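The chain contents come next:
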Amino acid sequence: MGSEDIWILGSNMTKFGKHPEKDVLDLASEASVAALRDAEMTMSDIGVLGVGNLMNAGAGIGQQLQKQIGQTGVPVFNVSNACATGATALRVAIMAVKAGEADVGMAVGVEKLAGAGLLGQRGPKPQSETWEPSGRFGAIGSTEGRIGTNIMPGVFAQVGMEYGHKYGGTSFELFARISEKNHAHSTLNPLAAYQKRFTLDEIMNDVMISYPNTRPMCSGNCDGAAAMIVVNDGKKNSMPAEVQKRAIKISASVLTSDPWEEGCQILPDVNTLTRNAATQAYEQAGIGPEDLDLVELHDCFATAELVHYDNLMLCEQGGAVDFFESGAPWRDGAKPVNVSGGLQSKGHPIAATGIANIHEIVMHLRGEAGDRQIEGAKVGLAHVIGLGSACGVHILEKAA
Amino acid sequence: MTEPDNSALIKQVPFVDYLVLGEEPYLISNECNQCQARYFDRRNACARCFGDQFTKVKVASSGVVTSFTIVEMGPVPYVSAVVDCDGTPVRCTLIGVDPTPEKVQLGMSVELTTYSMGEDSEGTEAIAFGFTSAR
Ligand SMILES: [Zn+2]
């Protein structure tokens, strides 16, 4: 990663959930101001700003945020990269600092989604009197339901089922048990949107959304924001000792897109780009999956979590079911995964997610995760994926 | 292979342009001349090898279900599946099969079938495709 290290000095996320009284700017401001305070900085220290918000991608939320908390004229990069939007905003800040264009960068991800319903669902097209071909497939009507599905729960259900076809061992119950784990973890996270523990029966008997994913096995649309401040060595070394003591090193920061794979035009391939990102990240950090004390991965659906055990190489290729069955990804297991509760219960305010999962790792490495602290955590990995696709992987280390 | 000719069937239109109607309907794809990657939509260049010459090729009409889900959010549950048609993955809805995990199985053999979507105001019938259990 070059000679100079990049550090996180400030980090914050709002409570995820319903915030009817707050708009996008209130949420973004809340996280940003708290992150600045955490780093003992003000907006005057910030040299570059990366801001992600998917629902208002053309609205210049970054500049609007500046107007709320401080306009200094520094460059703003408004980014949009599906569910990887937050990680992309952070990548922009990190790249600018690494390139020497700024000593301090801030990344913010914010979303208002409560009540937005399931994403990827389109309303019926107005029906014309005659069959009119349109779009790249010359379709004369909506392909949804007619040619399989494009909705997120359906796509990710098929991602998990495909893994089952390839390696065997999956079942409705197995996927439900992954969800049971994350909901159990969330009871210790006061910032999670849902902190309710579900029994396996409750999960399996809840409303079926897209088999094998029932409602609690799907990530929750909610409101939230997360913000992070990154600096170079020079800036870190100029800060007071108590700030430096809480600094977290970014040992790897990687963003990938999906290379061509057979069938990726049919079912999005979320595997190859994740494996590529993980491989690059382990190489950058000079550490392997065996060194990780905890992992936050993109469990947008229970079926997705399973394949990413494999893609992030937490297990042998094809061994994700055995990995889960061993109890490893539970918080008291060998390789805790999603101790925050994951997207299924912490919630998934899209553009905030890619920063919030890194924030979770920061909290543990600083020893500030409260009741859910993974004792002695020194190294953690955060993964996020946006369909289309974009994958972000960050590896963080406690300062030596 | 020549361009698909649906013009003889003036009273029928396919649901998508990669469904070719006739005695034995089939799916057609754009195959890269250089690396044989297949695309159901038009590409300016091959996403795999960047070649820009394509040939229309017929896709096998039977295959094996390599993944599926049962979408239960609408009024009627349906099965979305990925079918490996002799090396060409195809996305489809499974029809003529109960949309239950007991009836739909990974690895089941299926084949292409078509059905009428009804007629428009000019009497043109739309034909859609699905896959169903192989006989
Ligand atoms: Zn090619």
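This one's a predicted model, so the numbers in the text were calculated from it and none came from an experiment.

Definitions and cut-offs
- Residues numbered from 1 in each chain as written.
- Chains lettered and ligands numbered in written order.
- Predicted model: local features only at pLDDT ≥ 70, side-chain atom pairs only at ≥ 80, totals over all residues.
- Heavy atoms only, no water.
- Helix = DSSP H or I, 4+ residues; strand = E, 2+ residues; numbered from the N terminus.
- Rg over C-alpha atoms; globule rule 2.2 N^0.38 Å.
- Buried < 20%, exposed > 50% of the residue type's maximum accessible area, 1.4 Å probe, protein only.
- Donors = N, O, S within 2.8 Å, 3.2 Å for Na, K, Ca; no water.
- Tetrahedral: all angles 85-135°; square planar, octahedral: opposite > 155°, others 65-115°.
- Domains from an automatic or database assignment.
- Contact = heavy atoms within 4.5 Å.
- Buried area = accessible area lost by both parts, 1.4 Å probe.
- Salt bridge = Lys/Arg side-chain N within 4 Å of Asp/Glu carboxyl O.
- Polar contact = N/O pair within 3.5 Å; in protein donor to acceptor, adjacent residues only side chain to side chain.
- Pairing = 2+ DSSP bridges.
- Axes fitted to C-alpha atoms, helices over the stretch in contact; angles between N-to-C directions.
- Disulfide = S-S within 2.5 Å.
- Expected span 1.5 Å × (residues − 1).

So, the overall build of chain A
At step 1: For chain A, the count of helices and strands is 13 helices and eleven strands.
At step 2: Relative to its length of 400 residues, chain A is compact, with a C-alpha radius of gyration of 20 Å against a globular reference of 21 Å.
At step 3: C-alpha atoms of chain A, sized along the principal axes, occupy 65 × 55 × 40 Å.
At step 4: Across the 400 residues that make up chain A, the buried fraction comes to 60%.

Quick look at the coordination of the zinc ion
All names here are of chain B.
At step 1: Each protein donor to the zinc ion is listed here as Cys32 (SG), Cys35 (SG), Cys46 (SG) and Cys49 (SG); together their distances run 2.2 to 2.4 Å.
At step 2: Between the four donor atoms coordinating the zinc ion, the angles at the centre fall across 97 to 116°, so the site counts as tetrahedral.
At step 3: Along the chain, the residues donating to the zinc ion fall in the pattern C-x2-C-x10-C-x2-C. Residue Cys35 is located in the loop between β3 (26-32) and β4 (38-39), and its partner Cys49 is located in the loop between β4 and β5 (54-59); the two are separated by 14 residues in the primary sequence.
At step 4: Residue classification places Cys35 among the buried residues on the basis of a relative accessible area of 17%.

A closer look at the domain arrangement of chain A
Residue and element names in this part refer to chain A.
At step 1: Domain annotation of chain A identifies domain 1 (6-116 + 222-248) and domain 2 (152-191 + 252-398).
At step 2: Its C-alpha centre places domain 1 at a distance of 23 Å from the equivalent point of domain 2.
At step 3: With 40 residues of domain 1 at the contact, the number on the domain 2 side is 32 residues.
At step 4: Both sides together, the interface formed by domain 1 and domain 2 hides about 2,800 Å², and carbon and sulfur atoms give 71% of it.
At step 5: Of all residues in domain 1, the largest losses of buried area upon contact with domain 2 belong to Met13, Cys83 and Ile248, amounting jointly to 25% of the total for that side.
At step 6: Where domain 1 touches domain 2, the interface holds two salt bridges.
At step 7: Of the charged contacts, one joins Arg366 and Asp38 as a salt bridge, the two residues approaching to 2.8 Å between their closest N and O atoms.
At step 8: Linking domain 1 with domain 2 are ten residue pairs in polar contact (both at pLDDT 80 or more), by the criterion used here.
At step 9: Considering each element in turn, the side of domain 1 that touches domain 2 owes the most residues, seven residues, to helix α3 (residues 85-98).

Examining unusual backbone geometry
At step 1: Following Tyr211(A), the chain continues into Pro212(A) via a peptide bond in cis, with omega recorded as 5°.
At step 2: In this fold, Pro212(A) is placed in the loop between β5 (208-211) and β6 (213-214).
At step 3: Note the cis peptide between Gly388(A) and Ser389(A), where omega equals 10°.
At step 4: Positionally, Ser389(A) belongs in the loop between β10 (379-386) and β11 (390-398).
At step 5: The backbone of Gln36(B) shows a phi angle near 70°, a positive value even though the residue is not glycine.

Re the interface of chain A and chain B
At step 1: Between chain A and chain B, the residue contacts involve 38 residues of the former and 50 residues of the latter.
At step 2: Summed over both sides, the interface between chain A and chain B buries roughly 3,900 Å², with carbon and sulfur atoms accounting for 59% of that surface.
At step 3: On the chain A side of the interface with chain B, the three residues burying the most area are Trp131(A), Arg146(A) and Trp260(A), jointly 20% of the side's total.
At step 4: Linking chain A to chain B there are one salt bridge.
At step 5: Remark: the boundary between chain A and chain B carries 26 residue pairs in polar contact (both at pLDDT 80 or more).
At step 6: Only α4 (152-167) and β5 of chain A provide two or more residues apiece to the side of chain A that touches chain B.

A look at the side chain of Asn311(A)
Residues and elements named next belong to chain A.
At step 1: Here Asn311 shows up in helix α10 (residues 302-311).
At step 2: A relative accessible area of 4% means that Asn311 is categorised as buried.
At step 3: Not counting chain neighbours up to four residues away, the residues in contact with Asn311 comprise Val270, Asn271, Thr274, Arg275 and Ala278.

Considering the sheet that holds strand β3 (residues 76-79) of chain A
Residues and elements named next belong to chain A.
At step 1: Within the open sheet, the nine strands sit side by side as β3-β2-β4-β7-β1-β8-β11-β10-β9. Their pairing is mixed. Of all the strands in the sheet, just β3 and β9 (294-296) have a single pairing partner and so form its edges. Strand-to-strand twist of the sheet, defined as the mean angle between neighbouring strand axes without regard to direction, takes the value 25°.
At step 2: Bridge count for strand β2 (residues 48-52) against strand β4 (residues 104-111) is five bridges, and the pairing is parallel. The partner of Gly50 across the bridge, within β4, is Ala107.
At step 3: Sheet strands touched by helix α2 (residues 61-69): β2, β3 and β4. Its angle to β3, the strand with the most contacts, is close to 130°.
At step 4: Each of β1 (6-13), β2, β3, β4, β7 (224-232), β8 (248-257), β10 and β11 touches α3; the most contacted strand, β4, lies at about 170° to it.

Observations concerning the state of the cysteines
At step 1: Throughout the structure, instances matching the rule amount to zero disulfides over all chains.
At step 2: There is no disulfide at Cys222(A), and the cysteine sulfur nearest it, in Cys83(A), is 12 Å away.
At step 3: Among the cysteines around Cys92(B), which has no disulfide bond, Cys85(B) carries the closest sulfur, lying 7.6 Å off.

Observations concerning helix α1 (residues 24-38) of chain A
Residues and elements named next belong to chain A.
At step 1: The first and last C-alpha atoms of α1 sit 21 Å apart over 15 residues, in line with the 21 Å expected at 1.5 Å per residue.
At step 2: Buried residues belonging to α1 abut β1, α2, β4, β7 and α13 (350-366).
At step 3: N-cap assignment for α1: the residue whose side-chain oxygen lies 3.0 Å from the backbone N of Leu25 is Asp23.
At step 4: Immediately downstream of α1, the backbone of Glu40 shows phi near 55°, a positive value.

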